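# Coordinates in review
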Amino acid sequence: MTQMPAPQPQLQLAPQPAVAPPKRINWPRTLWVAGIALFIVVCGTLLLLKLGSNIGGAGLAIGICVAILPVPFLIAAFMWLDRYEPEPTSYLAFCLLWGAFVATYAALNANTGMSELFKHLGISQDLVAVVVAPIVEESMKALGPVLLLLFTLWKKRRTFNGIVDAIVFFGLSAAGFAFSENILYLGGYGYDAGADKGGVAGGLQSVIGIFTVRIPLSGFAHPLFTSMTAIGVGVAIRSTHRRVKIIAPLCGWFGAMLLHGSWNLMSILSTNTGHWQVLLYGYFSIFVPIFVGMLGFVMWLRSAEGGLTSTALTGCVHNGWLSPPEVASLASIGRRRSARTWARRIAGKPGEDGMRGFQLAATQLALLRDRMDRRAGAGGAAVAAEAREERQLLSLVSAYRGAYVGHDPAAPRAIWDGSRYHIPFPDGITRVIDEPTTPVVPVPVVRMPTPPPMPYQAYLPPGAYGRP
């Protein structure tokens, strides 16, 4: 057996000073955030005032209280989908509030204005619901996430990494839009209309009836429509072809409008003809299968995002930067949870926080390397900014690892060189051990050296980024 040199010191987080220096206020960022928040508040206030003038104060209050009930479930669903790489809370809140107040207020005014115009021109009002509303509403719901995407690209903060991220951001915007729209239906068509005929009891009975039919059976409608746009944007983000980057979002947007218009047309035909079979047939034969198919597609995407770490981080394993058990521990939510439990058991809360940070940084590293590999495979040139980002993420991975590696007395203090383990035994001899067939999961227990710096030219060969 070969005597191995002592491992290189592991990169550790810099110790915090006893008294932290005062933080400087980033005035440009603060003004931007304040301006966006003020704009959303103004739109929300104007929307509530407009709704209140139409359905009354009591209808508005009851509509808000009842319409907010399904919102936590929708938010939880999108947060569950986003668990592999959680997005900044401020970005998620922006999309939700954009859909609830900005998109709804703009769509309400546009639909009302077009309805008055069509009435003046003698055109059927049904065209507003079938043609105008889908265009306006799907455009406004998508505008907020698109602006966020452009902002993150301008600031060079890669937040949208694919279809899953796009579905989360666009879906939250649609959930906010559905909330505000439900205020009108539940408070106006529900309580206000019912109270005119049967008083408070009649209003509450009408609210319960509309809630029972509308929320469980069609609460998925707006997120389903807007997910078409999200898929198009997500495909464009992952594509390396310029034409796809242009065509895919447009096709997704058109698909969202087509679904939305078909939904409204189905309801109008049922009302105008008096045949509710049209609504039932369309609902169960078209939209329910589409919704179930979308659920299956989203579940597959979520699973594929976890499996991406197993393929995209292969180069990091071969370079000795990550061990096979570490990569295996990232492959599923259950394994990640077990790894955090292990880290908390051996190193307390700091160990759990370090594992959580390691998992996020490693996932971001996998998404980055996947993007770099796809660009290289398409013959594109390497991007220096991505090479720098990879170095930063590798440093973060090594720093977070220091919070728990070495704290488990039962774990060997081993070195992974990219193909085999080097483990010091009690007799003082470091022996080389082949990788087992099945990685030891879910807890990473191997102490790795800090990755050496790589020149930019090393990132050029496809599939061999950072290889010495």
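A brief structural summary. (Residues numbered from 1 in each chain as written. Predicted model: local features only at pLDDT ≥ 70, side-chain atom pairs only at ≥ 80, totals over all residues. Heavy atoms only, no water.)

### Considerations on the overall build of the protein
Looking only at helices and strands, the protein has 12 helices and three strands in total. Classification of the 468 residues of the protein by burial places 45% in the buried group. Expressed as a percentage of contacts within the protein between residues at least 6 apart in sequence, the contacts between residues at least 24 apart total 75%. Of the roughly 23600 Å² that the protein leaves accessible, carbon and sulfur atoms contribute 68%. (Helix = DSSP H or I, 4+ residues; strand = E, 2+ residues; numbered from the N terminus. Buried < 20%, exposed > 50% of the residue type's maximum accessible area, 1.4 Å probe, protein only. Contact = heavy atoms within 4.5 Å. Areas by Shrake-Rupley, 256 points an atom, 1.4 Å probe, with all protein chains shown as cover.)

### Let's talk about the pairing of strand β2 (residues 420-424)
Pairing analysis gives two bridges linking strand β1 (residues 415-416) to β2, with the strands arranged antiparallel. Bridged to Ile415 within β2 is His422. Following β1, the chain reverses through three residues before pairing antiparallel with β2; Gly418 in that reversal takes a positive phi of roughly 110°. Taken together, the five bridges between β2 and strand β3 (residues 430-434) define a ladder with antiparallel strand orientation. Directly across from Ile423, in β3, lies its bridge partner Arg431. Adjacent in sequence and paired antiparallel, β2 and β3 are bridged by five residues, among which Gly428 carries a positive phi angle near 90°. (Pairing = 2+ DSSP bridges.)

### A word on helix α1 (residues 27-67)
Between the first and last C-alpha of α1 there are merely 37 Å, a value that for 41 residues lags more than 12% behind the 60 Å anticipated at 1.5 Å per step. In α1, a bend of some 115° at Gly56 exceeds every other bend along the element. When α1 is considered as a whole, its buried residues turn out to be Ile40, Cys43, Gly44, Leu47, Leu51, Gly52, Ile55, Gly59, Leu60, Gly63, Val66 and Ala67. On its buried face, α1 is in contact with α2 (71-81), α3 (89-121) and α5 (163-218). (Expected span 1.5 Å × (residues − 1). Bend = angle between axes of the 7 residues up to and from the residue.)

### Concerning the pattern of salt bridges
When their charged atoms lie close together, side chains carrying opposite charge are able to pair. Evaluation of the coordinates by the stated rule reveals 10 salt bridges. Across the salt bridge formed by Asp370 and Arg238, the nearest N and O atoms sit 3.1 Å from each other. Here Asp370 is found in helix α11 (residues 333-377), whereas its partner Arg238 is found in helix α6 (residues 221-238), with 132 residues between them in sequence. Since its relative accessible area comes to 30%, Arg238 is described here as partly exposed. In this structure, the salt-bridge partner of Glu352 is Arg356, at a minimum N-O distance of 3.4 Å. In this pair, Glu352 and Arg356 are both assigned in helix α11, four residues apart and thus about one turn of the helix distant. A relative accessible area of 14% means that Glu352 is categorised as buried. Three or more residues joined by partner-sharing salt bridges are found here, namely Arg238, Asp370 and Arg374. (Salt bridge = Lys/Arg side-chain N within 4 Å of Asp/Glu carboxyl O.)

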